[in-house]
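# Secondary and tertiary structure notes
So you can see what is in the structure, the chains are spelled out below.
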Amino acid sequence: MSDVRDRNESAWLLTKDGSRMQHGLREDMRRFDDTDEVDAVIIGAGAGGGTMTQRLARLGWKIVTFDAGPFWVPEADWVSDEAGSHNLYWTEPRQIGGGDPVPLGSNNSGRGVGGSMVHYAGYTPRFHPSDFRTMTLDGVGADWPIAYPDLKPYYELIEGELPVSGEHWPWGDPHDYPYRPQPVGGNGELFLRGALAAGIEAHVGPVAISNGRFGNRPHCIYRGFCLQGCKVNAKASPLITHIPDALAHGAEIRPDSMVTRIGIDELTGRATGVHYIRDGLERFQRARTVIVAGYSIETPRLLLNSTSARFPNGLANDFDQVGRYLMVQGAPQTAGRFEAEVRMFKAPPPEVSSEQFYETDPHKPYKRGFSIQTVSPLPITWAEHVMAQGRWGGEFRDYMSDYVHWACLGALCEFLPQPDNRVTLADEKDRHGMPVAHFSYTRCDNDRQLMSAATEVMERILKAAGADEVMTINRNAHLVGGARMAADEQHGVVDRDCRSFAVPNLMITDGSVLPTQGSANPALTIMAVAARAADRLIDRPID
Amino acid sequence: MTRAVRFPGFNVRSQSDHWDDATRAVIVGRVNALPAVRFFTPAEEAAAKCLLDQLVDQRTEPGSPRVDLVRMVDARLAEKQTDGWRYDTMPPDGAAWQQTLAALDEDSQRDHGVGFARCTWEEQHAMLEAFRDADDPNWHGLPRSQVWNLWTRYAATAFYSHPELWNEIGFSGPAYPRGYKNLGIDRLESYEVHDAEPGDDPMAGGTE
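Owing to the predicted nature of the structure, the values given are computational and were not obtained by experimental measurement. For every chain, the first residue of its written sequence is number 1, and the numbers climb from 1 along that sequence. Whichever chain is written first is A, and whichever ligand is written first is 1; the rest continue in order. Reporting of local features is limited, given that this is a predicted model, to residues whose pLDDT is at least 70; pairs of side-chain atoms are given and counted only at 80 or more, and all residues count toward the totals for whole chains, interfaces and linings. Each side-chain value is worked out from all heavy atoms of the structure, with water and hydrogens disregarded.

### Here's the deal with the overall build of chain A
Formally: Strands are runs of DSSP state E lasting at least 2 residues, helices are runs of H or I lasting at least 4, and numbering of each runs from the N terminus. Each radius of gyration is computed over the set of C-alpha atoms, and the globule rule expresses the reference value as 2.2 Å times the number of residues to the power 0.38. Each residue's exposure class comes from its accessible area (1.4 Å probe, protein chains only) as a fraction of the maximum for that residue type: buried when under 20%, exposed when over 50%, partly exposed otherwise. Whether two residues are in contact is decided by their heavy atoms, any of which lying within 4.5 Å being enough. The method behind every accessible area is Shrake-Rupley, applied with a 1.4 Å probe, and residues are considered shielded solely by the protein chains displayed. The convention is simple: Lys and Arg are positive, Asp and Glu are negative, and His and the chain ends are not counted. One atom stands in for each charge, and that atom is NZ of Lys, CZ of Arg, CG of Asp or CD of Glu.
When helices and strands are counted, chain A shows 13 helices and 18 strands. Taking 543 residues into account, the globule formula puts the C-alpha radius of gyration at 24 Å, and chain A, at 22 Å, falls close to it. Overall, the C-alpha framework of chain A stretches about 70 × 50 × 45 Å when taken along its three principal axes. The buried share of chain A, reckoned over its 543 residues, is 68%. A separation of at least 24 residues holds for 75% of the contacts in chain A among residues at least 6 apart in sequence. With an accessible surface of roughly 16,800 Å², chain A has 47% of that area assigned to carbon and sulfur atoms. Counting 54 positive and 69 negative side-chain charges, chain A places the centres of these two groups 2 Å from one another.

### Focus on a negative patch on the surface
Operational definition: Here the term patch refers to residues with relative accessible area over 30% and no salt bridge, with like charges joined within 9 Å and nonpolar side chains (Val, Leu, Ile, Met, Phe, Trp, Tyr) within 5 Å. The rule for a salt bridge is simple: a side-chain nitrogen of Lys or Arg has to be within 4 Å of a carboxyl oxygen of Asp or Glu.
On the surface, Glu129, Asp133, Asp135 and Asp136 of chain B cluster together into a patch of negative charge. Summarising the element assignment, Asp136 of chain B is placed in the loop between α5 (121–133) and β2 (138–139).

### Examining the sheet that holds strand β1 (residues 86–87) of chain B
This is how it is decided: Strand pairing is defined by DSSP finding a minimum of two bridges between the two strands.
What the four strands build is an open sheet, ordered β14(A)-β15(A)-β3(A)-β1(B); its pairing is mixed. The sheet is open, and its two edges are formed by β14 (422–429) of chain A together with β1 of chain B, each paired on a single side. Of the pairings in the sheet, the one linking β14 of chain A to strand β15 (residues 435–440) of chain A comprises five bridges and is antiparallel in character. What sits directly across from Leu425 of chain A, in β15 of chain A, is Ala437 of chain A.

### Topic: unusual backbone geometry
Residues and elements named next belong to chain A. Residue Pro163 is reached from Leu162 by a cis peptide bond, and omega for that bond is -20 degrees. Gly205 connects to Pro206 through a cis peptide bond whose omega is -15 degrees. Considering the arrangement of structural elements, one finds Pro206 in the loop between β4 (203–204) and α7 (238–241). Its identity as a non-glycine residue notwithstanding, Asn233 has a phi of 70 degrees, on the positive side. Along the chain, Asn233 turns up in the loop between β4 and α7. The class of Asn233 is buried, set by a relative accessible area of 3%. At His478, a residue that is not glycine, the phi angle is positive and equals roughly 65 degrees.

### Some details on the nonpolar core
Put simply, the test is: Grouping buried Ala, Val, Leu, Ile, Met, Phe, Trp, Tyr and Cys residues that are joined through side-chain atoms within 4.5 Å yields what is termed a nonpolar core.
Ranked by size, the top nonpolar core spans 202 residues in total, and within it Met52, Ile262, Trp382 and Phe439 of chain A together with Trp97 and Trp151 of chain B carry the most contacts. With 11 residues, helix α13 (residues 523–539) of chain A is the single largest residue contributor to this core. Discounting chain neighbours no more than four positions away, the residues touching Trp97 of chain B are Phe40, Leu51, Leu52, Val73, Leu77, Leu150, Trp151 and Tyr154 of chain B. Counting residues in hydrophobic clusters, the runner-up holds 18 residues, among them Leu13, Ala45, Val113 and Val118 of chain A.

### Re the side chain of Asp173 of chain A
All names here are of chain A. What counts here: Whenever two N or O atoms come within 3.5 Å, that pair is a polar contact, provided that in protein one can donate a hydrogen and the other can accept it, and provided that, for residues adjacent in sequence, both atoms are side-chain atoms.
With respect to the secondary-structure elements, Asp173 resides in the loop between α5 (148–161) and α6 (186–198). Residue Asp173 is classed as buried on the basis of its relative accessible area of 18%. Looking at Asp173, its side chain comes within polar contact range of the side chain of Tyr148, at 2.8 Å. Those residues in contact with Asp173 that sit more than four places away from it in its chain are Arg126, Pro129, Tyr148 and Lys152.

### Some thoughts on the confidence of the model for chain B
Note the cut-off: Summary of the metric used: pLDDT quantifies the predictor's per-residue confidence within the range 0 to 100.
Per-residue pLDDT for chain B has a mean of 93; in total, 96% of the residues score no lower than 70. What the predictor reports for the complex is a pTM of 0.97 with an ipTM of 0.95.

### Here we look at the interface of chain B and chain A
Quick note on the threshold: The term buried area refers to how much accessible surface (probe radius 1.4 Å) is lost by two components on association, counted for both of them together.
With 71 residues of chain B in contact, the opposing surface of chain A contributes 71 residues. When chain B packs against chain A, close to 5,700 Å² is buried across both sides, 58% of that on carbon and sulfur atoms. There are eight salt bridges connecting chain B and chain A. The closest approach of N and O atoms between Arg397 of chain A and Glu168 of chain B, which form a salt bridge, is 2.7 Å. Remark: the boundary between chain B and chain A carries 32 residue pairs in polar contact (both at pLDDT 80 or more). Judged from the two bridges that link them, strand β3 (residues 95–97) of chain A and β1 of chain B form a sheet pairing that is parallel.

### Focus on helix α9 (residues 295–305) of chain A
By the criterion of burial, α9 of chain A is predominantly enclosed, with 11 of the 11 residues buried. Taken residue by residue, α9 of chain A has Tyr295, Ser296, Ile297, Glu298, Thr299, Pro300, Arg301, Leu302, Leu303, Leu304 and Asn305 of chain A as its buried positions.

### Quick notes on the packing of helix α2 (residues 47–58) of chain A against α5 of chain A
Residue and element names in this part refer to chain A. So the rule is basically this: Think of each axis as a best-fit line through the C-alpha atoms, taken over the contacting stretch in the case of a helix, with angles from 0 to 180 degrees between the N-to-C directions. Angle categories: roughly parallel below 35 degrees, roughly antiparallel above 145, roughly perpendicular from 65 to 115, and oblique for all the rest. Three classes are used, and their members are as follows: Ala, Val, Leu, Ile, Met, Phe, Trp, Tyr, Cys and Pro are nonpolar, Asp, Glu, Lys and Arg are charged, and the others, Gly among them, are polar.
The interhelical angle for the contact between α2 and α5, taken along N-to-C directions, is 95 degrees, at an axis separation of 14 Å. If you check the angle between α2 and α5, you find them roughly perpendicular. Residues Thr51, Gln54 and Arg55 of α2 form the contact with α5, whose participating residues are Leu157, Ile158 and Glu161. For the contact of α2 with α5, the class distribution of residues is two nonpolar, two polar and two charged.

### Details of the packing of α2 of chain A against α13 of chain A
All names here are of chain A. Just so we agree on the cut-off: By convention, the crossing between two helices is left-handed when the near helix turns anticlockwise from the far helix through less than a right angle, and right-handed when the turn is clockwise.
For the pair α2 and α13, the least separation of the axes is 8 Å and the interaxial angle reads 35 degrees. The two elements α2 and α13 meet at a crossing, and its hand is right-handed. Contacts between α2 and α13 involve Ala47, Gly48, Thr51, Met52, Arg55 and Leu56 on the former and, on the latter, Ala523, Ile526, Met527, Ala530, Ala531, Ala533, Ala534 and Leu537. Broken down by class, the residue content of the contact of α2 with α13 amounts to 11 nonpolar, two polar and one charged.

### Some thoughts on the pattern of salt bridges
Applying the stated criterion across every chain, the model contains 57 salt bridges over all chains. Residues Asp320 of chain A and Arg324 of chain A are paired through a salt bridge, measuring 2.7 Å at the closest nitrogen-oxygen approach. When its relative accessible area of 14% is taken as the criterion, Arg324 of chain A is described as buried. For Asp195 of chain B, the salt bridge is made with Arg6 of chain B, and the minimal N-O distance between the two is 2.7 Å. One end of the pair, Asp195 of chain B, is in the segment after α7 (163–169); the other, Arg6 of chain B, is in the segment before α1 (21–32), and 189 residues separate them in sequence. Neither Asp195 of chain B nor Arg6 of chain B differs from the other in exposure class; each is buried. Here the salt bridges do not stand alone but share partners, grouping Asp495, Asp497, Arg532, Arg536, Asp539 and Arg540 of chain A into one network.

Right, dumping it as C-alpha cells:
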C-alpha cells in the first residue's frame, strides 16, 4: 500500500476521521488568472478529468480543471436520502429521441467534482482482452487502436488507488484485487445461492470500496446509499481518490464554471484556451493544451458548439465523427419475490457479479454478451421499476408494500456502436444561450437478442434461489463513445493517445473516446485510459 | 378498502436522532415546510391533485398517511428540477404538465360534464384505466406512453420520498452515520420490524 501513497497520496490527505480534506488543501488552493497561459485546462473533474488532473499535476504542469457543478463537501452537501440527492445529476435541459430513447440524468450523468463516479454504484471491472478487437474476432463493433496489454498496467495502478475489493477474478485476463471481498447482504446472498444452484459462476466484487480503512478513509458502513454519493468516503470517486493529491501538487479546481467553447487560433489551427461562464460573466482562460473530459454527451456538445472558420462544423469534426458511435448498455433488471425478507436496501448495491456470459458464444445467434450484477434499488427507483410494469393505483401500492421480499439483479448487455446513435445540437438553448444536446438512440437486432438472453439467465438464477415470482423491466445504463479513438481521422476523433487528429494541442480523456464498451461498467477503464494518456505525454510530448 | 399494516409499530422517524444534520434538514423540510403552490393555476392544481392521488391510490381516510403530492410536484416544476432529459416528442416538463392536465379536464368535460377534479373517485379511476387501455398511441396530440411516463415518474418520486410511506413498506430510511450491522436474509436491526403479512404476495393475491 505504501507504493500507492508514494504515487497518489489522496487518501492520506483527508482528515484523520476521513470526513473531509485536510485544512488548507482547498482553502489555500493555487489559483491562476485568466491571463496566465497555464500548461493545460481540463474540462470536467470526473473519472477521466480527475485522473488527468492528478497525473499532470504530478508531472509539474500548471493545471486548471473546470467543472460545471460544485466542489462537493460530502458531509454538508450530500444526504442519506434518495429524492434529496437530485443535485448530483446533470439536470440541465437535454432532449432524447430515436427508436429507443435513453433517459439521462440520474441514470448516467453527473455534475460536480467527482463526476458520475459520485453516484455510480462502485463496480469497477476491467474490460476483457477481446473487447479491444471485436471486429477482428466477431465481425461486429470496432477494433481499438490500442490493445489490452497497453491498458493492463494502468488497470493495476488504478485498482490500487481506488482501491478495489473482490475475489480472485477468473474472467477476461484473470487477476486478483488489492482488497479482500466485502461481506454481502440479502441480495448478494441470493445471487450467490441461485447461481450455484443454476450452475452459473458468480463472485463477490469487483467494487471500489476498500474492505477496511484505506489511508484516512473509513470502513464502509453498509448503509446502501452508494448511488446517492458516499458520505462515508468509503466508496471511491475522483473527489477523494485523485483531487486531493492534485491540489497538493498545485492544481486548481475551478467549480461552478461552465465551459461553452474552445478557442482556436485561425492561423495556426491550435487551441488557445476556453471560454467559460462563472457567476454570470463570460471569461476566457488561456492554456497551452486543452483537455476535454465532459463525458459522452457534454464532450460532443462542446466540440460541436466550438465552431470557427477553420472548423465550421465543430471542432475536430472534419469527418463528421463527433457525437457518433455513442453507446449505452442494455440493462434489464429482473426482480424475484421471496417469502423471506431480503431487505436489499441494506449493504451496498454493488456486491456480486458474473462475467460467464461476457464473450461471444458460438452456439448463439448473437455476438458478444452480457454480465450480471446485484443492483438493489431504493424505494423510489423500485417504484419506477414497478410502475414500468404498468402497475398503478392500489395494485401498485400493494406491490410496493412488498418491497422487503424482493431481490433484484441487473444485466449489462454490450450494445454495439452505430454511427446514427449520436449527439447533435438541438434548436433549443440553455440559459446561457448554448444549444442543448439531442441524443438519438436506436437498438439493433443483436442488442435486442442480448437483452432477452440476459433476462432469461437472471430469471433462471432467481428461480434457482427460490423466487416464486419474477418480473423484468428493460432499461439502460452507462454512456461511452461519442468522440472515439481510431487509427485515423476518417474513423474517429482522437488517436491511440487521446490526441485529436485535427488539433495538435487538443486531447479528449473521458468515456467518449471508447470505441466499444464490453459488458463492463466503464469507470475503471475511463480512468485507465486517462492515466495512460498522461503517461504518453512524457514519451511523446505535444509539439 | 383499508390496507393491512404490514410493519406494525415501525416508525422511521423515531430514529431521526441517529440521522446526520444535512439529511434530517432535507426530510423535515419535505414533511413540514413545503412551499405553497405557485406553478399550477387553481384549475391545474385541482386536476393534478386528483391525478396524483389516483396514481398511488391515496384516499382521504382517517388515519391513513397524507402526502401532499401536488405541492411536491408543483415545487419541482416551479424550480425546473427536471430529471435531466425530455423526449423530443414532448414539450418541456412544465408545459407538458399544463397541457396534459388541461387535456384531462377536456376529456372529463366531454364524458362527465365536469372537470376531472369534480368527478367521483370511481369515475376518475375509470378514466385513467381507459387512458391506459386505449389502443391509440396518441392522446391530444402527444404520445400516450410518454404522457403516462411523465405522470407516474413525478408521482412515484414524490410519494416514496415521504417517511410515512417508508413505514408502510418497511424501508429503514436514512442510515448515516450509523449504518447497518445485521446484513442478510431475515436479519433485522433492533429498531426494524418484521413483515406481519409475509404471505401477502401481491402476485398471488389475485389483484390482476
